[in-house]
Structures are given as C-alpha cells and as structure tokens.
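As a plain string of letters, each chain reads:
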Amino acid sequence: MGNEASYPTEMGCHFDHDEIKRLGKRFKKLDVNSSGALSANELLSLPELWHNPLAKRVFEVFDADGDGQVDFEEFVAGTSQFSIRSDEEQKLRFAFNIYDMDKDGYISNGELFQVLKMMVGNNLKDWELQQVVDKSIIILDTDGDGRLSYEEFRAAVSSLEVHKQLVVQV
C-alpha cells in the first residue's frame, strides 16, 4: 500500500495521518484474499453499504480506473469524499457520478431511470417510473438538451443539502 503517510498530500484527500492509518487497517480487513485490492463483494461487506440499493454504483464510482477492483489509493480517494472536511462541491460531484453511469458528464433519461430503478425496486411499475424520469428531465433540463449537466443537477439538489448526509467518521 505504499507510504501511507504521504497519501494525504499526494492524493489531495481530506484525511490526516492517523485517519489514513485507520483506513489502511480497515482496507486490510476488507481485503480478505490479501490481493491488495477490493472486489465488489469485499467493499460491499462494509456495514454502511449492506442495505444501500446504490452500493454497486458506489463501488463503480470508487473504481476510478474501471478495472473491476478498488485499490488502496482509490479507497482513500473515494472515502475522502465522505470526510467531514470534504466540501459540498466534492460531495455533490460524487452524487452526480452515481447517476452518470457512462461517465460522459451528463445524466441521460436512461441513466436516471436505471439509478432510480435501483432505488425504488419494484415499488413502481416501469411505466410509472419512466413518467417520473421524463417529468424530472423536462423540469430540470434548463438548456433543453434532453439530459442533465452537473450544473443542472447541482441546481436541483443543492436545496436538499445532500452533502450533509454524505459523511462518515474514520
């Protein structure tokens, strides 16, 4: 895992040396096969993610290089977004990235549908959910391009203070 003491400055994370050490210990515990990286199942064994319907998306956002596993640097960078010292902008970017599944910088109608489907499960019929998605896009898409940019997303959720809910103690 390298020199953990240098991670805060190298990665621009919001953890101090002691927090990095605690994250290192937690990472090693999660890495049950000692591969040096976490599989989706290993990361999703975190109690904070057990009942989260978006846990798989959290893993995919943490997996910055898209190789199907989360190494220690990705783990620290991902977790850092939930630090109490992380700013609102970082937390909103993380939330946006949950919806931006293809990482093109926009939330399409299909992406919004997929993520909301993960959240509501079978509580709504697909056609009902599609109506919610269509209306949301119409209302929130201020430039009329049929998709949501980060700025449109931010404007829509900033009053909800989502960033205050995206905090973990290390």
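The shown structure was predicted, so the numbers you read here are calculated from the model rather than taken from an experiment.

Along the protein, the regular secondary structure elements total nine helices and four strands. Element order for the protein, N to C, with α for helix and β for strand: α-α-β-α-α-β-α-α-β-α-α-β-α. Counting only residues that meet the buried cut, the protein has 39% of its 170 residues in that class. For the protein, contacts bridging at least 24 residues in sequence account for 53% of all contacts bridging at least 6.

Moving on, we get to the environment of leucine 43. Considering the arrangement of structural elements, one finds leucine 43 in helix α3 (residues 40-43). As for leucine 43 and glutamine 69, which are separated by 26 residues in sequence, their C-alpha atoms are 9.1 Å apart.

Tallying each qualifying case throughout the model produces five salt bridges. With a closest N to O distance of 2.6 Å, glutamate 60 and lysine 56 form a salt bridge. Of the two residues, glutamate 60 and lysine 56 both sit in helix α4 (residues 55-62), four residues apart, roughly one turn of that helix. According to the relative accessible area criterion, lysine 56 is exposed, its value standing at 55%. Measuring nitrogen to oxygen at the nearest pair gives 2.5 Å for the salt bridge that ties glutamate 60 to arginine 57. Taken together, the residues span about one helical turn, with glutamate 60 and arginine 57 both in helix α4 at a distance of three residues. Accessibility expressed as a relative area gives 24% for glutamate 60, which makes it partly exposed. Overall, arginine 57 belongs to the buried group, its relative accessible area being 5%. Each of Lys56, Arg57 and Glu60 takes part in a single network of salt bridges with overlapping partners.

What follows covers helix α5 (residues 72-80). Most of α5 sits inside the fold, with seven of its nine residues counted as buried. Residues Phe72, Glu74, Phe75, Val76, Gly78, Thr79 and Ser80 constitute the buried set of α5. One side-chain oxygen of the residue at the start of α5 lies 3.2 Å from the amide nitrogen of glutamate 73, identifying that residue as aspartate 71.

To continue, consider the UniProt feature "domain: EF-hand" (unreviewed entry) in the protein. Summarizing the sequence annotation, UniProt attributes the feature "domain: EF-hand" (unreviewed entry) to residues 50-85, 87-122 and 128-163 in the numbering used throughout. Helix makes up 67% of residues 87-122 and strand makes up 6%, while its end C-alpha atoms are separated by 34 Å.

Quick look at a positive patch on the surface now. Where like charges cluster on the molecular surface, the positive patch consists of Lys21, Arg22, Lys25, Lys28 and Lys29. As for its placement among the helices and strands, lysine 29 is situated in helix α2 (residues 17-30). Looking at lysine 29, the relative accessible area reads 72%, which means it is exposed.

The rules behind the values
- Residues numbered from 1 in each chain as written.
- Predicted model: local features only at pLDDT ≥ 70, side-chain atom pairs only at ≥ 80, totals over all residues.
- Heavy atoms only, no water.
- Helix = DSSP H or I, 4+ residues; strand = E, 2+ residues; numbered from the N terminus.
- Buried < 20%, exposed > 50% of the residue type's maximum accessible area, 1.4 Å probe, protein only.
- Contact = heavy atoms within 4.5 Å.
- Salt bridge = Lys/Arg side-chain N within 4 Å of Asp/Glu carboxyl O.
- Polar contact = N/O pair within 3.5 Å; in protein donor to acceptor, adjacent residues only side chain to side chain.
- UniProt positions renumbered as here; feature names shortened; annotations may be inferred.
- Patch = residues over 30% accessible without salt bridge, like charges linked within 9 Å, V, L, I, M, F, W, Y side chains within 5 Å.
- Areas by Shrake-Rupley, 256 points an atom, 1.4 Å probe, with all protein chains shown as cover.
- Lys, Arg positive; Asp, Glu negative; His and termini not counted.
- Charge placed at Lys NZ, Arg CZ, Asp CG, Glu CD.

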